[in-house]
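An overview of the molecular structure
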Amino acid sequence: MRHCILTKTRQDTIFQILYFTSYDLSTVFPAIEDSHQSSTQSSRAFINARDNLDDRTKSTTQFIHSSMSPTLITLSTLFLLVLTQPCLHRSILAEAAGGRFQLLQRSIGIAAMHMQLLNNDRVIIFDRTDFGQSNISLPAGKCRTDPNETALKTDCTAHSVEYNVLSNEFRPLMVQTDVWCSSGAVTPDGRLIQTGGFNDGDRKVRIMSACDGGCDWVEVGNGLAARRWYATNHILPDGKQIIIGGRREYNYEFYPKNGAGSNTYSLPFLVQTNDPGIENNLYPFVYLNVDGFLFIFANNRAILFDYSKNKVVRTYPAIPGGDPRCYPSTGSSVLLPLKNLGGPGGVEAEVLVCGGAPKGSFTAAGKGNFVGALNTCARIKITDPNPQWVMETMPLARVMGDMTLLPNGHVLIINGAAAGSAGWELGRKPVLSPVLYRPGKKLGSRFETQNPSTIPRMYHSTAILLRDGRVLVGGSNPHVGYEFSGVLYPTELSLEAFNPSYLDVNFVGVRPRIVSPATQAKLKYKQILTVRFSVTGTVVPDSVSVTMVAPSFTTHSFSMNQRLLVLDSEKATSLGKSVYEIRVTTPGSGILAPAGYYMLFVVHQEIPSAGIWVHLQ
């Protein structure tokens, strides 16, 4: 094995890492939170780093590990990583330009079809129950007995897990009925309300609380008024959820229900956007607009909808070209960051829709003809008096991609395929490289291709933002069952993290670290909040902002309830000793930001801090 000599550059790299870790080890090992890692966590970080070393280096590090305190273990490991690997610093620094992937778990036992981050930094992950056994057993000899199940009537394996972000560990959870292709949202008190699914699960409501490890799914029998399979949920200003559409359901309802009766309300727009035999309007893209109405996008067009009066307020033009963007011609979408929340001109809202499959792709893929995916994005200012779609071209065509809002307001486009459609065995040509979209840049200069993964993430993949700024990536199962060999794209049970370039050690001098308030802070609407943070390098006061991000329920390439707000703020001021403060104003109402838990970040020169949880009430 060839080793690099200890050049001046290499010495500086070692010094940078050792200096950096005294402030924030979480950027190198993001599963370890800030500077409060325990002995167990330090050992886990050491083991993960050690596994990347050759045998000769391992023997050295094992000796050091047995001789040193946990506080020094990670520092010594980082020193050895830089000193003994063949120019390892090149990968640490060079990959910063396009981020990097980090394998977290080779298998969590299930494919991550659905994901939701809760305010305890646990991610609730679930798949479906109707294919047979998963690769993880239920605890303590438990078994699920369901006489209506289409596969196993008695199943002793789990189809849901809870992933602990801070410890990089997971535990099995028990769902009672089929959650396949379901939807969900988090209530203002932090509980996940998951709705619908398949077979005997299509009218069920399931509740998962944020706890310290002892809780499990609680199921409400027939909590829905209609079957909800491939529906979309959105949290409303009053804390209720609206559940829209689903297969052969051209209506919506609320949870909790509004009194007695059927409690479904007709939505003809879903009939109008249904392509016979194909659909192309499932999992519609839904956003709460800044006027309190709902923006609903299905197939290739959208409406602004007054859900309280069951009335269409505005009809938007179709996306130029007319190609479908919703399931199964699956594109993705985000509501771009909301700014100027208290300004005299009002808040502007923009929606971005990217990728998808051209007309006829789903039918063609079923016949073995895999049509190239769409390479376009469409962007529209939905609050404009005369809104029009503006088309942009992505560097990579993509169907079944996920779009994730990052703390600095950029959009990560990740996962998916370059040809075919959503559906069993219908996708081809994995797109391994994410793309970064910068909304504030000039048209034509907003996209940047990132470094690739080695793991195809095809149909039934997911991606969500974590509080430390990483993006958790999982899933991919384009098969009816779990298939690990003899297929183009095996069932994928692993979890990865994509580390955007802002997490690179090069930015240690720029990266803020929140000092106060403490995580789990309670906030009110229109509250003046003082946020204190530290930065080891030079601060540019005009380039400091504070953002709030709502954690999303993500499945089938759409992140429900994903929302980022840039808080109105004054200029950051210095308090001395590398500590600064900035005064911000929280959103003015539940229309701008529905009550609930948000991740709050300080962003400096587009480099975000690790977030804290805040509870807006």
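The present account deals with the structure reproduced in this document. (Residues numbered from 1 in each chain as written. Predicted model: local features only at pLDDT ≥ 70, side-chain atom pairs only at ≥ 80, totals over all residues. Heavy atoms only, no water.)

Section: the overall build of the chain
This is how it is decided: What counts as a helix is a DSSP run of H or I of at least four residues, what counts as a strand is a run of E of at least two, and both are numbered from the N terminus. Each residue gets one of three labels from its accessible area relative to the maximum for its type: buried under 20%, exposed over 50%, partly exposed in between, using a 1.4 Å probe on protein chains only. Here a residue-residue contact requires only that any non-hydrogen atoms of the pair lie within 4.5 Å. For the area figures, the Shrake-Rupley method with a 1.4 Å probe applies, and any residue is considered shielded solely by the protein chains shown.
When helices and strands are tallied, the chain shows seven helices and 45 strands. In the chain, which comprises 617 residues, the share counted as buried stands at 60%. Partitioning the contacts of the chain with sequence separation of at least 6, the portion at a separation of at least 24 is 63%. With an accessible surface of roughly 22600 Å², the chain has 53% of that area assigned to carbon and sulfur atoms.

What about the nonpolar core?
Using the following cut-off: For our purposes a nonpolar core is just a set of buried Ala, Val, Leu, Ile, Met, Phe, Trp, Tyr and Cys residues, chained together by side-chain atoms within 4.5 Å. The split of the chain into domains comes from an automatic or database domain assignment.
In this structure, Tyr 230, Phe 295, Phe 297 and Leu 600 are the most contacted members of the largest nonpolar core, which totals 78 residues. In terms of residue count, the dominant contributor to this core is strand β36 (residues 544–550) (four residues). If you count residues domain by domain, this core takes at least three from each of domain 1 (102–503) and domain 2 (507–616). Ignoring sequence-local partners within four residues, the contact set of Phe 297 consists of Pro 284, Phe 285, Ala 302, Ile 319, Arg 325, Cys 326, Val 353 and Trp 389.

Re the packing of aromatic side chains
We apply this condition: The pairing test for Phe, Tyr and Trp rings, Trp by its six-membered ring, is centres within 6.5 Å, and the orientation test on the planes gives stacked under 30 degrees, edge-to-face over 60, and tilted for anything in between.
Summed over all chains, the structure comprises 27 aromatic pairs. Aromatic pair Phe 285 and Phe 297: ring centres 5.6 Å apart, planes at 15°, arrangement stacked. Of this pair, Phe 285 sits in strand β16 (residues 285–288) while Phe 297 is found in strand β17 (residues 294–298), placing the two residues 12 residues apart along the sequence. One aromatic cluster is present, formed by Trp 180, Phe 198, Trp 229, Tyr 230, Tyr 283, Tyr 327, Trp 424 and Tyr 459 through successive ring pairs.

As for the side chain of Arg 379
Selection rule: The definition of a polar contact used here is a pair of N or O atoms within 3.5 Å, where within protein one atom must be able to donate a hydrogen and the other to accept one, and adjacent residues in sequence count solely through side-chain atom pairs.
Within the secondary structure layout, Arg 379 lies in strand β22 (residues 376–381). Residue classification places Arg 379 among the buried residues on the basis of a relative accessible area of 10%. Polar contacts involving the side chain of Arg 379 include one to the side chain of Tyr 437, which spans 2.8 Å. A distance of 3.1 Å separates the side chain of Arg 379 from the backbone oxygen of Pro 439, its partner in a polar contact. Discounting residues that sit within four places of it in the chain, Arg 379 has contacts with Leu 336, Glu 350, Val 351, Leu 352, Gln 388, Trp 389, Val 390, Glu 392, Tyr 437, Pro 439 and Arg 446.

Some details on the state of the cysteines
Using the following cut-off: In this description, the term disulfide denotes a pair of cysteine sulfurs within 2.5 Å.
Tallying each qualifying case throughout the model produces three disulfides. Two residues, Cys 143 and Cys 156, share a disulfide whose sulfurs are 1.8 Å apart. In this structure, the disulfide formed by Cys 143 and Cys 156 twists by about 90° around the S-S bond and is classed as right-handed. Of this pair, Cys 143 sits in the loop between β3 (122–126) and β4 (144–145) while Cys 156 sits in the loop between β5 (154–155) and β6 (160–164), and the two are 13 residues apart along the sequence. Accessibility expressed as a relative area gives 32% for Cys 143, which makes it partly exposed. With its sulfur 2.0 Å from that of its partner, Cys 354 forms a disulfide with Cys 377. Taking the torsion about the sulfur-sulfur bond, which here is approximately 115°, the covalent link between Cys 354 and Cys 377 counts as right-handed. With a gap of 23 residues between them, Cys 354 in strand β21 (residues 350–354) and Cys 377 in strand β22 connect regions that are remote in the sequence. With respect to class, Cys 354 is no different from Cys 377; both count as buried.

A short note on the pattern of salt bridges
Inclusion rule: Throughout this description, the term salt bridge denotes a Lys or Arg side-chain nitrogen within 4 Å of a carboxyl oxygen of Asp or Glu.
Tallying each qualifying case throughout the model produces 21 salt bridges. For Arg 228, the salt bridge goes to Glu 253, with nearest N and O atoms at 3.0 Å. One end of the pair, Arg 228, is in the loop between β11 (218–220) and β12 (232–235); the other, Glu 253, is in strand β14 (residues 251–255), and 25 residues separate them in sequence. On the accessibility criterion, Arg 228 (0% relative accessible area) is buried. Residue classification places Glu 253 among the buried residues on the basis of a relative accessible area of 0%. In this structure, the salt-bridge partner of Glu 348 is Lys 381, at a minimum N-O distance of 3.4 Å.

Concerning the sheet that holds strand β18 (residues 301–306)
Rule in force here: At least two DSSP bridges between two strands are required for those strands to pair. Fitting a line to C-alpha atoms yields each axis, with helices limited to the stretch in contact; the angle taken between N-to-C directions then spans 0 to 180 degrees.
An order of β16-β17-β18-β19 is seen for the four strands of this open sheet, with the pairing classed as antiparallel. Two strands lie at the open edges of the sheet, namely β16 and β19 (311–315), each paired on one side alone. Strand after strand, the sheet turns through a mean of 25° between neighbouring axes, direction not considered. By the bridge criterion, five bridges tie β17 to β18 in an arrangement that is antiparallel. Each bridged residue has a counterpart across the sheet, and for Phe 297 the counterpart in β18 is Ala 302.

Observations concerning the sheet that holds strand β1 (residues 100–105)
Strand order across the open sheet formed by four strands is β1-β32-β31-β30, with antiparallel pairing between neighbours. Edge positions in the sheet fall to β1 and β30 (461–465), since each of these pairs with one other strand and no more. Each strand axis lies, on average, 25° off the axis of its neighbour in the sheet, ignoring direction.

Here's the deal with unusual backbone geometry
Cis geometry is adopted by the peptide bond preceding Pro 256, which originates at Tyr 255 and carries an omega value of -5°. One can find Pro 256 in the loop between β14 and β15 (265–266). The phi dihedral of Asn 310 is positive, around 55°, even though this residue is not glycine. Turning to its location among the elements, Asn 310 is positioned in the loop between β18 and β19. We note that Gln 605 has phi near 50°; this positive angle belongs to a residue other than glycine. Structurally, Gln 605 can be placed in the loop between β43 (596–604) and β44 (607–608). When its relative accessible area of 38% is taken as the criterion, Gln 605 is described as partly exposed.

What about the environment of Leu 166?
Secondary-structure assignment places Leu 166 in the loop between β6 and β7 (169–173). By relative accessible area, which is 24% here, Leu 166 ends up partly exposed. Between the C-alpha atoms of Leu 166 and Arg 122, which are 44 residues apart in sequence, the distance is 8.2 Å.

A word on the pairing of β36
Of all seven residues making up β36, six are buried, and the element is well covered by its neighbours. As judged from the six bridges shared by β36 and β43, these two strands associate in the antiparallel manner. Bridge assignment links Val 546 to a residue of β43, and that residue is Val 602. Where β36 and strand β39 (residues 563–566) come together, four bridges link them in antiparallel fashion. The partner of Val 549 across the bridge, within β39, is Leu 564.

Section: the pairing of strand β31 (residues 471–475)
When you tally the buried positions in β31, you get five out of five residues, the bulk of the element. Linking β30 back to β31 in an antiparallel pair, the connection comprises five residues, with Gly 469 at a positive phi of about 95°. Alignment of β31 against strand β32 (residues 495–499), held across four bridges, turns out to be antiparallel. Residue Val 473 lies in a different strand from β32, and its bridge partner there is Glu 496.

Any functional reading would require information that these geometric values do not contain.
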